Amino acid sequence: MKTVRRFARRPVSVAALALFLGLVAVAVLQQHVAPYTWDSIDLRDVATNRGPTLWHEHLFGTDTLGRDVLSRTLVGLHTTIVIGFGVAGIAVAIGAPLGLVSGYYGGWLDATLMRAADLARSFPAIMVSLAAIVFFFPVWPHTMMLVLGLYMWTLVARVVRGHVATLVELEFIEAARALGASDLRVIRTHILPNVAGTIVVGATAALAQAVLLEATIEFFSYGLPASRWPSLGNLLADVTYGGGLGLQGYRQLGWWTWAFPALVLALLLLTINFVGDELDAALNPAA
Amino acid sequence: MAAFVVRRLMLAAAVLTAVSFVSFWFFAKNFYVAGGTLLPVSPSTAWWRWFTGIPSGSVGKGTFGQDLWVTLVPALEHTTWLILESLVLVVCASLAVGVAAALHPRSGLDVLLRFLAYASWSLPAFLLAMVMQKALAGFHVFPLNGYPAGRAGARHAVDVAWHLLLPSIALATSFVGLYARFVRSSLLVALAAPFTTTARAKGLPERAVVLRHALRNSLATYVSVLLLEFGSVFGAAMVVDWIYQLNGVGTLFIRTIGGTSIDPSAVQLIIVVTAAIVLATSLLADLAVIWLDPRVRPR
C-alpha cells in the first residue's frame, strides 16, 4: 500500500501508467474502436495514398492500396501487446519460481542457474531468437511467445533471486524458521509477499524487452506474416521494403504510413519503461 | 590473478564448444537429411569431424569446402568500425549529459535530461535508424546506405567515418540514455562521499574535485556496465547494419540463415565468433574493473 501511495504521489508516473493502460485498452478493444478492418481496401481514387486529415474519413491517412493506416496500426498494436503480455507471462511463470528457489537455497543450484542466466543475457538476443525462429515457418503468435518467453525468463529470475537472497539474511526469516516453519511455508507466507513488487518490476522489464525484440524480428521479416497477423514491427517492415529491399520503394510512400506505427511503438516502449522504473523507485525509496 | 584469467578462459572454451555443437546440430538436423548427398554423415559425426579437425584448420571451411573467412572477415571489420564509432559517441554524450545532470540535481535541466534519457532508452535502434533514413532521404546530405570501398588510408578512413555517421548516431542514441542515467546516479553518490568533502576542504578547485576525484571513482562501475551490455549493443549493431546495408555481421547472418538450404558450419562460425567476442568483452570488463578499482582484486 505504501508503495502504491508513493507511486501515486508523482503525477508523471500516474500519467505514464494512464497512457500505458490507455494503449492496452485501445488494443484490446480494437475491433470496436477501429473505423475499418485492417485489410479492407478503399478503392475510390480519393482514398489511396492520402495524408492524414481531421475532416477526412481516414484520420491517419491511407497507404498506397487504400487501406486505413489507423485501423492497421490498432490491429498491429493489439498483436504486439498480446505477444508482449504472453512473453511476460511465460517469463514470470518460469523465472519467478526459479529465482525464489535459487535465492532461497543458494549453493550449486544457484550458481548454475545464475551462470546460465548470465550467458543467455550476454549473448545478442536478436541472434538467438532469429536462429530459433527460422525453424517455425509460418510463425504463429504462440510460437513467437514461446521462443521469446523461453529466452526472457532469465531477466525475471535475476531480479527475484537478488531480492530473495537479501531477504533470507534478515531476522524475520530466521524467526519464522526458529518457530519451525517449513521452507515452503517461509517462502509462501514471508518471502513471496515481500518480493511481489520485484516480480512486477521484472515482468515490466520482460514486457519491454519482448516488445522490442518482437518488433525487431518482425522488422527483419522473420516473424509473423504481415498478410495474416499485422503487428507494429511487420507494418514497418512492409513499408520499408515495399516490394524488395532498397531505397527506391519508399519515396512514393507517404510519411504517415510509417510514422504512426513507429510513434505508437515508441510510445508503448516509453510508457512501459517509465512505469517499470518508477515502480522500482517506489519499491526502494532509499536508492 | 593469472589463475583467475586461466579459469575464465577455460570456461569460455567450454561454452564455445557447447555453443558450436548446439548450433551445428540444430541447423544440420533441421535442414539436411542425415546420410543424404549434402550431409553424408549424421549431424553429431559431422560436428565431431569439424571439432577434431580444428588443429589442421577446419575452422572457416564450410560443409561444402568453401572458404568462410572471405565473407566473415570484412563483415567483422565493418561491424567493428560501426561499434567503435558509436562507442565514441556514447561515451562522450553520456559523460557530458550525466555530469551536467549530476551537478544540478532536481533542476529544470536535470528533469529535461532525464526525459531525454528515457526517450533515448526507449527508442529501439532499428526504429531510429529507419526513421532517420527515411526522413533524411530528401536532403541528399548524408550517405544513406552502403559501406565505401577503397584502399586503406586516411582518405578511406574519413570516407568510412562519414558513411557510418548516421548508423552510429542511430545505434548510439538508444544507449546514451541508459549510460547517462548511470553516470548521473553514480556521480551523485561519489559527490556525497567523504572523500569529496576532503578534496573540497583541501581547497581544490571544483573542476578538479568533480573530474579527478568524484568522476574517477564512478568510472570503474561505468566501464564495467558499458562492457557488460556489449551483447545488446552487438545485437542492435546487427539490425542497424542491415538497415544501412553496411555488409556487416548482421547482413551476413541474415543472408546465411535466409536461404532454403542453410550451411550449418557457416551459421555455426558466425554464432561462435560472436560468442567469442562477447565472452572476451566480459573478461575485459572484469579486468578493467580490477585495474580501475584495486579493492576488488582477486587474491
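1. Describing the overall build of chain B
Helices and strands together make up the secondary structure of chain B, namely twelve helices and zero strands. The helix and strand sequence of chain B, counted from the amino end, reads α-α-α-α-α-α-α-α-α-α-α-α. Projected onto its principal axes, the C-alpha positions of chain B cover 80 × 60 × 35 Å. For chain B, the proportion of its 299 residues judged to be buried stands at 38%. Considering only contacts within chain B whose residues lie at least 6 apart along the sequence, 73% involve residues at least 24 apart.

2. A few points about the overall build of chain A
On a plain count of helices and strands, chain A comes out with eleven helices and zero strands. If you list the helices and strands of chain A from N to C, you get α-α-α-α-α-α-α-α-α-α-α. Each principal axis of the C-alpha distribution contributes one length, and for chain A these read about 80 × 45 × 30 Å. By residue count, 45% of the 287 residues in chain A fall in the buried class. Summarising the internal contacts of chain A: among those between residues at least 6 apart in sequence, 73% fall at separations of at least 24.

3. Notes on the interface of chain A and chain B
In this assembly, 30 residues from chain A lie in contact with 32 residues from chain B. When contributions to the side of chain A that touches chain B are tallied by element, the ones reaching two or more residues are α5 (107–122), α6 (125–133), α9 (183–219), α10 (232–241) and α11 (256–283) of chain A. Broken down by element, the residue count for the side of chain A that touches chain B peaks at eight residues, all from α11(A).

4. Some points on the confidence of the model for chain B
Per-residue pLDDT for chain B averages 84, and the proportion of residues at 70 or more is 95%. Within chain B, helix α2 (residues 43–52) of chain B has the poorest average pLDDT of any element, 80, and helix α3 (residues 69–103) of chain B the best, 91.

5. Quick word on the environment of B:F195
Residues and elements named next belong to chain B. Here F195 is to be found in helix α8 (residues 194–201). Overall, the presence of 12 C-beta atoms within 10 Å leaves F195 in the exposed class. Put simply, F195 and V209 are 14 residues apart on the chain and 9.6 Å apart in space, counted from C-alpha to C-alpha.

6. Brief notes about the environment of A:A165
With respect to the helices and strands, the residue A:A165 is situated in helix α7 (residues 141–168). Measuring from C-alpha to C-alpha, the distance between A:A165 and A:D110 comes to 10 Å, with 55 residues separating the pair along the chain.

7. Concerning α7(A)
For α7(A), which comprises 28 residues, the first-to-last C-alpha distance of 39 Å matches the rise-based estimate of 40 Å (1.5 Å per residue) to within 8%. The largest bend in α7(A) comes to about 40 degrees, at A:L150.

8. Comments concerning helix α7 (residues 165–191) of chain B
Taking the largest bend as the criterion, α7(B) deviates by roughly 35 degrees, centred on B:V176. With respect to burial, α7(B) is a largely interior element, 20 of its 27 residues being buried.

9. Thoughts on unusual backbone geometry
Residue and element names in this part refer to chain B. Look at Q245: it is not a glycine, yet its phi comes out positive at around 50 degrees. Residues other than glycine seldom take positive phi values, yet N247 does so here, at roughly 55 degrees. For N247, a count of 19 C-beta atoms within 10 Å puts it in the partly exposed group.

Cut-offs applied
Residues numbered from 1 in each chain as written. Chains lettered and ligands numbered in written order. Predicted model: local features only at pLDDT ≥ 70, side-chain atom pairs only at ≥ 80, totals over all residues. Helix = DSSP H or I, 4+ residues; strand = E, 2+ residues; numbered from the N terminus. Buried ≥ 20, exposed ≤ 12 C-beta atoms within 10 Å, placed from the backbone. Contact = placed C-beta atoms within 7 Å. pLDDT = per-residue confidence, 0-100. Expected span 1.5 Å × (residues − 1). Bend = angle between axes of the 7 residues up to and from the residue.

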